[in-house]
Amino acid sequence: MASRTVSCPACGAPVPPGVRSCVVCRAPLVPAGAGGGNDPGASRGSRVPENPFATDLNRRLARLAQWSEASEPLGVAVPRLPPWAEEVAVRSRTPEPWAEVVRAVERLAQRRIVEAFDRWEERTTARIGRLEAYAVDSRLERSQVEDAVHAARLGDVAQALATFQQVDRVVALKERHLDQARGELEGLLAFLRDLEALGVVDASEPGEVAGELERELRTGRLAPLKRRLRLLRTQAVERLTEALPAQVREVGDRVAAEPRGDNGYDAEALELAVATRAILAGRPEEGVRRLRALREARGLSMAPVERTGPAA
């Protein structure tokens, strides 16, 4: 006859046939027929705790295990009984002293978790302050940080850890969106500064655009800002494309006037070709950096190149 599934008498979790301890709370189980007389629990292959302290002990050990796992992102090591001590405790006929030991470990674990929450509150408040400096609404997260710390201090560690995970996830998401916008802004300004060095844009333009975009970034309206960044980049690429023939001719004439290398070509002529191809292949930032380096290496003046398109 097939073995019947039994439940742990301590925590109620289902126990596969043949195991000697609960896989959830580690409570010891006595196989059917191994004792217990006419006790119904023994006939089902599990042992009913003889002392209420045993159930409390198992519950506390399971809770410590949960705290330990959930607290890892906080950077805190939650103290626990070593495995051999847990095994001795759950099998002890007098679990009361062990229960007191576990309660002491639990108090130490809670104290460390509260200290970790205090440090987390300081770090997260600073992160939220940065978001708010860019007008990113984080009032809910600020309130949830206070709730999590308060719950930890009251001993509701499970609730505190759940709130911590939610707040950390949302704050990280908002930071990622902000950092992406900041990165795109910095990339555009670097592109404009390279174009300024080539004489493709006016000398004052990168600074003016930087001030304008920084103000937009600090409004917290990131989606409109990204659209504005894409438009400015498109306009800058168009102006570069218009000025490219004159740029290549000027640098090429200077390179052609120099004697060729031992291999029959000049390394700078190759670099000019690579820069031009990068621009035409849709990698204008790379091409402009190379072209700027070539001009500076040849000591070419950065006087504005004649262009027909309007300024952005």
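## Re the packing of aromatic side chains
On inspection of all chains with the given rule, the structure shows three aromatic pairs. Aromatic pair F117 and W120: ring centres 5.6 Å apart, planes at 90 degrees, arrangement edge-to-face. Here F117 and its partner W120 are both found in helix α4 (residues 96-133), three residues apart, which amounts to about one turn of the helix. Of the residues examined, F117 reaches a relative accessible area of 0% and is grouped as buried. Summarising the aromatic geometry, the rings of W120 and F164 are spaced 5.3 Å apart at their centres and angled 85 degrees between planes, so their arrangement reads as edge-to-face.

## Some details on the pattern of salt bridges
One pass over the full model with this rule turns up 21 salt bridges. Here E106 makes a salt bridge to R63, at a shortest N to O gap of 2.6 Å. With E106 in helix α4 and R63 in helix α2 (residues 52-70), this residue pair connects regions lying 43 residues apart in the sequence. E296 serves as the salt-bridge partner of R292, at 3.0 Å between the closest nitrogen and oxygen. Of this pair, R292 and E296 both sit in helix α10 (residues 284-298), separated by four residues, roughly a single helical turn. Connected via shared salt-bridge partners are R182, E186, E214 and R218.

Each value, and the rule that gives it
- The residue numbers shown here count from 1 along each chain, following its written sequence.
- Given that this is a predicted model, residues contribute local features only at a pLDDT of at least 70 and side-chain atom pairs are listed and counted only at 80 or more, while totals for whole chains, interfaces and linings are drawn from all residues.
- Working from all heavy atoms in the structure, the side-chain values ignore hydrogens and water.
- Each pair of aromatic rings taken from Phe, Tyr and Trp, with Trp reduced to its six-membered ring, is defined by centres within 6.5 Å and is described as stacked if the planes are under 30 degrees apart, edge-to-face if over 60, and tilted in the remaining cases.
- To qualify as a helix, a DSSP run of H or I must reach at least 4 residues; to qualify as a strand, a run of E must reach at least 2; elements of each kind are numbered from the N terminus.
- Here the term buried applies to any residue with accessible area under 20% of the maximum for its type, exposed to any over 50%, and partly exposed to those in between, with areas from a 1.4 Å probe on protein chains only.
- Any Lys or Arg side-chain nitrogen found within 4 Å of a carboxyl oxygen on Asp or Glu counts as a salt bridge.

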